[in-house]
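# What the coordinates show
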Amino acid sequence: MTALFVSFTAYALLYFSPGDPAELLLMEKTGGPGLQLNVVREYAEILGTNKGLLPMYKNWLVKMLQLDLGRSYRTGRPVWVEFKTRFVTSASLAVMATALSLLIGVSLGMLSAKYKNRLFDKLTRIISAVNMSVPSFWLAIVSMWLFAMKLKIAPISGDQGFKSLILPSCVLGIAGSAGLIRITRICILENLNEEYVVTLRAKGLSESERFRKHILKNISLPIITMVTSNVISLIGGSIIIENIFGLPGIGNYLIKSIQLKDFPVILGFVFIMSLTVVILNLISELVSYALDPRIRMEVYEK
Amino acid sequence: MKNKNDKKLCIQGAILLVLLLVVVFSGVLFGKGDVIHTDIMSQKPSLQHIFGTDPLGRDVLSRAFIGMRLSLLLGFIAQLICMAIGVIVGCASAYFGGILDKLFVFLQNVILSFPSMVLTFCVLMLLGNGIFSMMVALCLFGWLSYARLARSQVRAIKDANFINGAKAVGSSNLQIIFRHIVPNVIRTIIPMFTLMIGHSVLGIAGLSFLGFGVQPPHAEIGLMIRDGMSYIRTFPWLFIFPGFVLAVYSVMLNVVGDSLQDRLDIHDSANISRM
Amino acid sequence: MDSILELKNVSTTFNSRDGFVKAVSGVDLAIAPGEIVGLVGETGCGKSVLGQTILRLTPSSARTEGSILFNGDELTAMSEKQLQNVRGREIAYINQNPSESLDPVMKVGNQIVESIRLYEKISKNAAARKAGEILQSLSFEDPDAIMSKYPVELSGGMKQRVMVAMAMCGRPPFMIADEPTKGLDALVRGQVIDSLRRFIEYARCAGLIITHDLKFARAICDRIAIMYAGEIVEIAPKEEVFSKPLHPYLEGLIASMPQNGLHVLEGSPCSLIDLPEGCRFHERCRYCTDRCTRSHPNMKALAPDHEVRCCRYD
C-alpha cells in the first residue's frame, strides 16, 4: 500500500512540473503578439508567475486543491463551471462506450475461445484485427453518413440529449471491443491449459461449472486492466469523436479552447483529465491488488 | 505447422510490399495530384475515375495514394527517431542498471499516466501547428514502447546464465554486446517497428484531420478526409475512399507486424494489455 | 477376488507437434479393493498418461482403446456427464505439480469446501468445519489459518497435502496419485507419505500411486508395477520386487538407487514416437540377444503374483 501511495504522490508532484514550464513558454509565446501582453501580465500576477519556480508550484497546487481553476478567457466563467456543464455528456459517452465494448468484447471473446479455430473464431479474429487498425475517426464519419444521413436512423446534430449519444458510443464501443475480444480469448485459452483445470476436472466439475466458478475469476484481472486502458484512451479519443459528432462535451470544448488559445481552460481541463488518468490507474492497481493474491505477495516481499 | 504460418506471412508481406510500391511510385503513376480539370468537377465514382473526383476536378484515387505517401513517410521517420531514441535509452538503462535504470522506470511510469492525446495537444499548442511540431509530439511518446521492449530484452539476456558463461570464458563486454544482445534486440524491435508505423500513420492522419498536423496545400490523407467531411451530404465519396485507403494501409501494416511477432514468437504481455 | 479397477489392453495415443505418440500400449492391470499398487517408471514412460486415461483427463486429442472396468462399469463407454459423477466421488485423482494445480485466486479452504459440497449436500459452514477436521488429521497445525490462505502463500509440501485433503473429501473407494513426492525434500516427503496413509485409512480405498521413486513405492504400496516405454514390464508384490527382480530394467533401477551405489543405467528412455522393433528395452539391455531385437515379448506369470515381460523368460 505504501508503495502505491508513494507513487501516486510522485505522479502528482511530477505532473505539476511540466505544467509550470508550459505556462512560462505560453507567456513567452504570447509575448509576440503584443495584443495579449497585458492579459499575460494579469495572468502572471494572478498566478504569481513573477515569483520563483517553487512558490509558483505551491501557489498553483494550493489553488488547485481549493478547486480554483481560474476563469475562461472566452466566456469569463470559471473553468470549473465550464467543465461541469460538459462533463455529463462526455462521461455518459464514456460509460456507454465502455459498457458496450465490455459486452461485445467479453462475449465475443468467450465464444471465440469456445469455438477455437472454427469459422466463428477465425472470422472474429479477422474482424477484430481490422477493427484495431481502422482509423476510428473515419469509421465515425462513415457511420454518421450511413446511419444518420442515408438511413436516417440516428440524429445528426449533437444536441438531442441521449439520442445523439447512441451512434458515437456505438462507434467507440466497437472500437474498444477489439482489444477486449483479443485478451478475453487469450486469457481463457491460457487458463484452460493450466494444471489447475485438470484438478477441477478431476474433482468432477462440469465445463460450465469450471468456467463460472474458477476461470471467470482468473480472467477478470487482465480484462479489468484492458478496460482501464480503454477508458484512458477514451479520454483522448473522445476528443476527436465529439468533434465529429458535434457533441457538447469536454473534448470538443478543449479543441475550441486550443484553437482560441483560451489558456485557463486548457490548463484546467488538461489538469483534470490527467488527474483522472492517475486516479484511474490507481484504481486499476488497487483492484489488481485486491483480486490477485500473487500481486499481494509481491508487494509484501518488497 | 510452421510452413503454413510462413506462407501466410509471405502473402501478407507481399501485399504490403505492393501497397508500398504503389505509394513510392505514386508520383510516376499518378502525377502530382494537383492537376485541376475544371470540366470534371465532383464526379461520382466511375470507370475512368474509380474513386470519383473532387470539387477541383482532381482524381480522388490518385490524390489518396499521394496523400498516403506523405503520411507513410512521416510515420516512418517518426518511428525511426522513436526507435533510435528508445532502443538506446532502453539498452543503456538495462545494461548499466543502477540509478539510470531506476530513473528510466520512474520516467516511464510518469509518462504512462498521462493521457497522451491530451498532452499531444498541449505540445502542439505550444509549438504551433505544422509538421514539425506534430513530429515532436509523436516522438515524445513513441520512444517509450521501444525503450521498454529493448530494456526487457537486454535485462533478460544480461541475467541469463549464458552471458555469465561467456564472461567466465573471457569475452569482453563489447563482444557480449555484439554477439548476444544486439541480435536479440534487433529480432524483437523490427516487428514492433512495423506495427508502430501503423500507429503513427493513424496518429498523423488523425492530427491532420483535426487541423493540427499537416497543413494544406500538402496532400495528406487526414486532410483529405477532413475536407471530404464538409461535403458529407453531397459528395460522400470524397471522404469514404481516402479513409478506406488509409484503413487498408493501416490494416496491412498491423497484420504484417503482428504476423512477424507471431513468427518470431514474441508476445510481451505488456503489449497485450496495452492493445 | 473381484477387482475394483480392471484395465484390459488399454492404449492411449495422441498427436503431438513432433509426431504420433504411443504413450500407453496394451496395459493390463487389475487392482483389488483395498490394495495399493505402485506404478514406477522414469519420466516420459507414459505412467502419468495412464493415470489420466482412467478418468479421461487426457487432452482432447488423445485416443484411448481397451477396457477400463470400475466396479464392473465400463468407464470408456461413459458419457462426460456420467464420468463427472465418477470423478472425485468414486475415483479421486491427485494431480502432479501441486504448485500449479490449485486455483491461484481462490482461498485454499474454499477449494476444499467446494470438493466437500460436490459430494454431499451440506451447508457451507458444516463443510468448512469438516475441511478443518480433514486438515487437522493430516497434521496441519493451524487448519483455520491454512484455509484462509491462498495457494501462493503455501509451501510445496503444504500444497501437496492440501491436494490430498481435497481428494479425501469424497471418501472415495479408489484414488490415483500422480507423483505425489516429486520435487519435495526428504522431511516433507515423510509428511506427504503420512498424509497418503491417513487418506487410505480414512477412506479404506484402493489406489494407484504413480511415481519414479522406488523407495517411496515400497513404503506405501502392496504391489509394484514397473513401466517402460508405455508398457508394464514387470509386476510383483513389493518385497519380491526388491528380492527377486526379473526384468533387466528393474534390476537397473534398483542398482541405481543411492543406497545400492548409484550405478548408472546406460542409455536414455526410448522415444514414445519412434518405438524400437522387438523388445522396447533391448537397446539398453545387457542381456540383449538377437531374438530381443526381433520379437516383442508378452507378459508372462512366473509365479502366481509375479509377471514379467522379457524374452529371457518366454
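First, a word on scope: everything that follows refers to the structure included in this document. All values derive from a computational prediction rather than experimental measurement.

### Some points on unusual backbone geometry
Residue and element names in this part refer to chain C. The backbone of Arg 171 sits at a positive phi, close to 50 degrees, despite the residue not being glycine. Of note, Arg 171 is situated in the loop between helix H6 (156-168) and strand E7 (174-178). Unusually for a residue other than glycine, Leu 262 sits at a positive phi of about 55 degrees. On the basis of neighbour count, Leu 262 is assigned to the exposed category, with 9 C-beta atoms found within 10 Å.

### Some remarks on the pairing of strand E1 (residues 5-16) of chain C
Residue and element names in this part refer to chain C. Sheet analysis places E1 next to strand E2 (residues 19-31), joined by nine bridges and oriented antiparallel. Note on E2: the bridge partner recorded for Phe 14 is Val 21. Hairpin remark: E1 followed by E2, antiparallel, with two residues in the connecting loop. Sheet analysis places E1 next to strand E4 (residues 63-70), joined by seven bridges and oriented antiparallel. Paired with Thr 13 across the bridge in E4 is Arg 63.

### Examining the sheet that holds strand E9 (residues 223-228) of chain C
Residues and elements named next belong to chain C. Pairing within the open sheet is mixed, and its eight strands lie in the order E6-E7-E8-E3-E9-E10-E12-E11. Sheet topology places strand E6 (91-94) and strand E11 (300-303) at the edges, where each strand pairs with a single neighbour. Across the sheet, the mean angle from the axis of one strand to that of its neighbour is 20 degrees, orientation sign disregarded. In this sheet, strand E8 (residues 206-211) lies alongside E7 in parallel orientation, the contact comprising five bridges. Residue pairing for E8: Asp 178 is matched across the bridge by Ile 210.

### Brief notes about the packing of helix H3 (residues 60-96) of chain B against helix H6 (residues 131-158) of chain B
All names here are of chain B. Direction vectors running N to C along H3 and H6 enclose 40 degrees, while the axes themselves pass 5 Å from each other. With respect to the hand of their crossing, H3 and H6 are arranged in right-handed fashion. In the contact of H3 with H6, the residues fall into 22 nonpolar, six polar and four charged.

### Examining the nonpolar core
One finds Ile 141 of chain A together with Ala 64, Met 68, Tyr 146 and Ala 150 of chain B to be the most contacted residues of the largest nonpolar core, which totals 120 residues. No other element matches H3 of chain B, which puts 16 residues into this core. Among all residues touching Met 68 of chain B, those that are not within four sequence positions of it are Val 23, Ile 221, Val 245, Leu 246 and Tyr 249 of chain B. The next biggest cluster of nonpolar side chains, apart from the first, holds 97 residues, and it includes Leu 102, Cys 221, Met 227 and Tyr 249 of chain C.

### What to know about the sheet that holds E4 of chain C
Residues and elements named next belong to chain C. In space, the four strands of this open sheet follow the order E2-E1-E4-E5, with antiparallel pairing throughout. Each edge of the open sheet is held by one strand with a lone partner, namely E2 and strand E5 (73-74). As paired strands, E4 and E5 are joined by two bridges and run antiparallel to one another. The partner of Phe 70 across the bridge, within E5, is Asp 73. Contacting E1, E2 and E4, helix H1 (residues 47-54) crosses the sheet at an angle of about 70 degrees to E2.

### A few points about helix H7 (residues 186-203) of chain C
All names here are of chain C. Between the first and last C-alpha of H7 there are 26 Å, a value that for 18 residues agrees with the 26 Å anticipated at 1.5 Å per step. Looking at H7, one finds that the buried residues are Arg 189, Val 192, Ser 195, Leu 196 and Phe 199. Summarising the axial view, the buried residues of H7 lie within an arc of 120 degrees, below the 170-degree limit, and thus occupy one face. Opposite the buried face of H7, at more than 90 degrees from it, the exposed residues are Ala 186, Leu 187 and Glu 201. If you follow the buried residues of H7, they end up packed against H6, E7 and helix H8 (214-220).

### What to know about the packing of helix H5 (residues 119-133) of chain A against helix H10 (residues 237-263) of chain B
Relative to each other, H5 of chain A and H10 of chain B sit at 115 degrees, their axes nearing to 8 Å. Here H5 of chain A and H10 of chain B pass one another in a crossing that is right-handed. Across the interface between the two elements, Ala 129, Val 130, Met 132 and Ser 133 of chain A from H5 of chain A touch Ala 247, Ser 250, Val 251, Asn 254 and Val 255 of chain B from H10 of chain B. The residue makeup of the contact of H5 of chain A with H10 of chain B, split by class, is six nonpolar, three polar and no charged.

Conventions used here
Residues numbered from 1 in each chain as written. Chains lettered and ligands numbered in written order. Predicted model: local features only at pLDDT ≥ 70, side-chain atom pairs only at ≥ 80, totals over all residues. Helix = DSSP H or I, 4+ residues; strand = E, 2+ residues; numbered from the N terminus. Buried ≥ 20, exposed ≤ 12 C-beta atoms within 10 Å, placed from the backbone. Pairing = 2+ DSSP bridges. Axes fitted to C-alpha atoms, helices over the stretch in contact; angles between N-to-C directions. Left-handed = near helix turned anticlockwise from the far one by under 90°. Nonpolar A, V, L, I, M, F, W, Y, C, P; charged D, E, K, R; others polar. Core = buried A, V, L, I, M, F, W, Y, C linked by C-beta atoms within 7 Å. Contact = placed C-beta atoms within 7 Å. Expected span 1.5 Å × (residues − 1). Arc of directions from axis to C-beta.

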